[in-house]
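Chain by chain, the residues run as shown.
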Amino acid sequence: MDALPIARLQFATTTSFHFLFVLLTLGLVTLVAVMQTRSALGGKPELMRMTRFWGRLYVINYALGIVTGIVMEFQFGLTWTGLSAVAGDVFGAPLAIETLVAFFAESTFLGLWIFGWGRLNKWVHLALIWLVTLTAYASALFIMVANSFLQNPVGTHAENGVLELDDFGALFTNPALAMSLPHVLSAALMTGGFFVVGVSAYHFIKRTKEIKFFRRSMRIGVLTSLVGSTMVIGFGFAQFGPLGLYHPDKLKSPGAMVGAPLGFMIQIGFIAFLASILGTLLLYRNWITKVRPLLYLMVLAIPLPFVAAIFGWLVRELGRQPWLIRGHLTTADAVASIPAGQILFSFIAFTLLFAVLAIADWVLMSRVAKRGPEPEEEAAPAGAELPVLSGV
């Protein structure tokens, strides 16, 4: 039994699971920050209730996403020891910064935001959610810096088979990063928008009494989906440039396997874009909540951005093969010298754990989403924190 395909399948599976959490986290936190900003500037009362409702869903997804991220990082030391030996000093630096930014700074700001409801000045509390948002985006930046280094190892030189860092700044001006980072962030906005629209549509299907609440939520979600889908298509095609992500041999190595996920991803992207345009037009005429077949389609469309994102990630990673670090380290040389059976065992264990976390995330978020917002008279009582998991 060959250890390499098992190790590759393990990493592809676990990173795909984690990526799903990250997409929704980035998209939702942005929308929550915008909602709270509009509320603090004197918006309508529904905006604060919207902040709390969508904030609960964001926090649930964030908490379980942190767990998947910790589990995923074990694989670098367990399975891909060759990567640490050849480029540990270079590849490890942005990952270490990301851990400090995401796990410590972002979590600290988020904790203060959760338990600051009714206790902190509204402007201080608003600043906290924007700090959470900025640190989340910074986390995405450092992850993409590390990944782009694998695609195009700039700012380094090889010495005795080990890559030494010459210019840390070059990692941030990497052509492989320039368009891929905004592409990922745009995909997150589109994902968050589709999620908000889909949940809002579910409540209109159930003939909710919270008409103003979910109409306003749907309006924000539709506009976010339109902006996100437009940008994700633009930045996606921009990566085909000569200095972008896709090198001339990008689609030649794995053949049809990469070509097929790429074509499918583009189709989903355009479907999402057209759906966003249709939603915007119907929203303008105030028809979007009155066409019941369309509401069902909105609910069914929630997974579309997730599916497109996974195929996009597969294109990016498979297109680099057989290299782990392009031109310096092959995937076969990077895998750890341990029995294939041990890797298979860890693959099964990690996959089961991630599946449990994904199911738990879906169950918790579904319960909170179906229950809807808290009654207006109970919203934001003095001295109360955000009741993230109460009643789930």
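The model shown is predicted, which means the values in this text are computed figures rather than measured ones.

Here is what the cut-offs are and how they apply
- Residues numbered from 1 in each chain as written.
- Predicted model: local features only at pLDDT ≥ 70, side-chain atom pairs only at ≥ 80, totals over all residues.
- Heavy atoms only, no water.
- Helix = DSSP H or I, 4+ residues; strand = E, 2+ residues; numbered from the N terminus.
- Phe/Tyr/Trp six-rings, centres within 6.5 Å; stacked < 30°, edge-to-face > 60°.
- Buried < 20%, exposed > 50% of the residue type's maximum accessible area, 1.4 Å probe, protein only.
- Lys NZ or Arg CZ within 6 Å of the ring centre and 35° of its normal.
- Patch = residues over 30% accessible without salt bridge, like charges linked within 9 Å, V, L, I, M, F, W, Y side chains within 5 Å.
- Areas by Shrake-Rupley, 256 points an atom, 1.4 Å probe, with all protein chains shown as cover.
- Salt bridge = Lys/Arg side-chain N within 4 Å of Asp/Glu carboxyl O.
- Lys, Arg positive; Asp, Glu negative; His and termini not counted.
- Charge placed at Lys NZ, Arg CZ, Asp CG, Glu CD.
- pLDDT = per-residue confidence, 0-100.
- Contact = heavy atoms within 4.5 Å.
- Axes fitted to C-alpha atoms, helices over the stretch in contact; angles between N-to-C directions.
- Parallel < 35°, antiparallel > 145°, perpendicular 65-115°, else oblique.
- Nonpolar A, V, L, I, M, F, W, Y, C, P; charged D, E, K, R; others polar.
- Polar contact = N/O pair within 3.5 Å; in protein donor to acceptor, adjacent residues only side chain to side chain.
- Pairing = 2+ DSSP bridges.
- Core = buried A, V, L, I, M, F, W, Y, C linked by side-chain atoms within 4.5 Å.

1. Things to note about unusual backbone geometry
Here the amide bond leading from Gln321 into Pro322 is cis, since omega sits at 10 degrees, within 30 degrees of zero. If you trace the backbone, Pro322 turns up in the loop between α10 (304–318) and β3 (323–325).

2. Some words on the packing of aromatic side chains
Considering all chains together, one arrives at 10 aromatic pairs under this definition. When the centroid spacing of 4.9 Å and the interplanar angle of 75 degrees are considered together, the rings of Phe213 and Phe214 count as edge-to-face. For the residue pair Phe213 and Phe214, the accessibility class agrees, reading buried in each case. One aromatic cluster is present, built from ring pairs that chain together Phe53, Trp54, Phe195, Phe213 and Phe214. A cation sits over an aromatic face here: Arg52 above Trp117, 4.7 Å from the ring centre.

3. Regarding a positive patch on the surface
Residues Arg38, Lys44, Lys212 and Arg219 make up a contiguous surface patch of positive charge. Here Arg219 is to be found in helix α7 (residues 211–238). We classify Arg219 as partly exposed; its relative accessible area is 34%.

4. A few points about the confidence of the model for the protein
For the protein, the average pLDDT comes to 83, and 85% of its residues sit at 70 or higher. Looking over the protein, one finds the lowest element-wise mean pLDDT in helix α8 (residues 256–284), namely 67, and the highest in helix α4 (residues 122–151), namely 93. The low-confidence segment residues 242–246 (pLDDT under 50) makes 13 contacts with residues lying over four places distant or belonging to another chain.

5. Some thoughts on the packing of helix α1 (residues 3–40) against helix α6 (residues 180–205)
When two helices pack together, their arrangement is captured by the angle between the axes and the distance separating the axes. With their axes 7 Å apart at the nearest point, α1 and α6 run at an angle of 75 degrees to one another. Considering the angle they form, α1 stands roughly perpendicular to α6. Two secondary-structure elements touch here, α1 through Phe19, Leu23, Leu24, Leu26, Gly27, Leu28, Thr30 and Leu31 and α6 through Val184, Leu185, Ala187, Ala188, Leu189, Thr191, Gly192, Gly193, Phe195 and Val196. In the contact of α1 with α6, the residues fall into 13 nonpolar, 5 polar and no charged.

6. Thoughts on the environment of Asn121
Here Asn121 lies in the loop between α3 (81–115) and α4. For Asn121, a relative accessible area of 45% corresponds to the partly exposed category. Of the polar contacts made by the side chain of Asn121, one reaches the backbone nitrogen of Trp123; its length is 2.7 Å.

7. A short note on the environment of His125
On the secondary structure map, His125 appears in helix α4. Among the residues examined, His125 registers a relative accessible area of 5% and is labelled buried. Expressed as a C-alpha distance, the spacing of His125 and Ala40, which sit 85 residues apart in the sequence, is 9.6 Å. A distance of 2.8 Å separates polar atoms of two side chains, one belonging to His125 and the other to Gln36.

8. Focus: the pairing of strand β2 (residues 162–165)
Here strand β1 (residues 156–159) pairs with β2 via 4 bridges, running antiparallel. What sits directly across from Thr156, in β2, is Leu165. Following β1, the chain reverses through 2 residues before pairing antiparallel with β2; Asn160 in that reversal takes a positive phi of roughly 55 degrees.

9. Overview of the pattern of salt bridges
Tallying each qualifying case throughout the model produces 4 salt bridges. For the salt bridge of Arg52 with Glu374, the shortest nitrogen-to-oxygen distance reads 2.6 Å. Of this pair, Arg52 sits in helix α2 (residues 45–78) while Glu374 sits in the segment after α12 (340–371), placing them 322 residues apart in sequence. Exposure remark for Arg52: the relative accessible area of 1% places this residue in the buried category.

10. Examining the nonpolar core
Grouped together as the largest cluster of nonpolar side chains are 50 residues, with contacts concentrated most on Phe19, Trp80, Leu83, Phe91, Phe149, Ile325 and Leu329. Taken together, the elements giving at least two residues each to this core come down to α1, α3, α4, α6, α7, α10, β3 and α12. The biggest single contributor to this core is α1, with 8 residues. If near-sequence neighbours (up to four positions away) are discounted, Trp80 is found in contact with Leu4, Ala7, Arg8, Phe11, Gln75, Thr331, Ala334 and Val335. Ranked by size, the runner-up nonpolar core spans 45 residues in total, among them Ala40, Trp54, Phe213 and Phe306.

11. A word on the side chain of Thr330
Turning to its location among the elements, Thr330 is positioned in strand β4 (residues 329–330). Among the polar contacts made by the side chain of Thr330, one reaches the side chain of Asp333 at a distance of 3.0 Å. Filtering out sequence-adjacent residues up to four positions away, Thr330 remains in contact with Pro322, Trp323 and Leu324.

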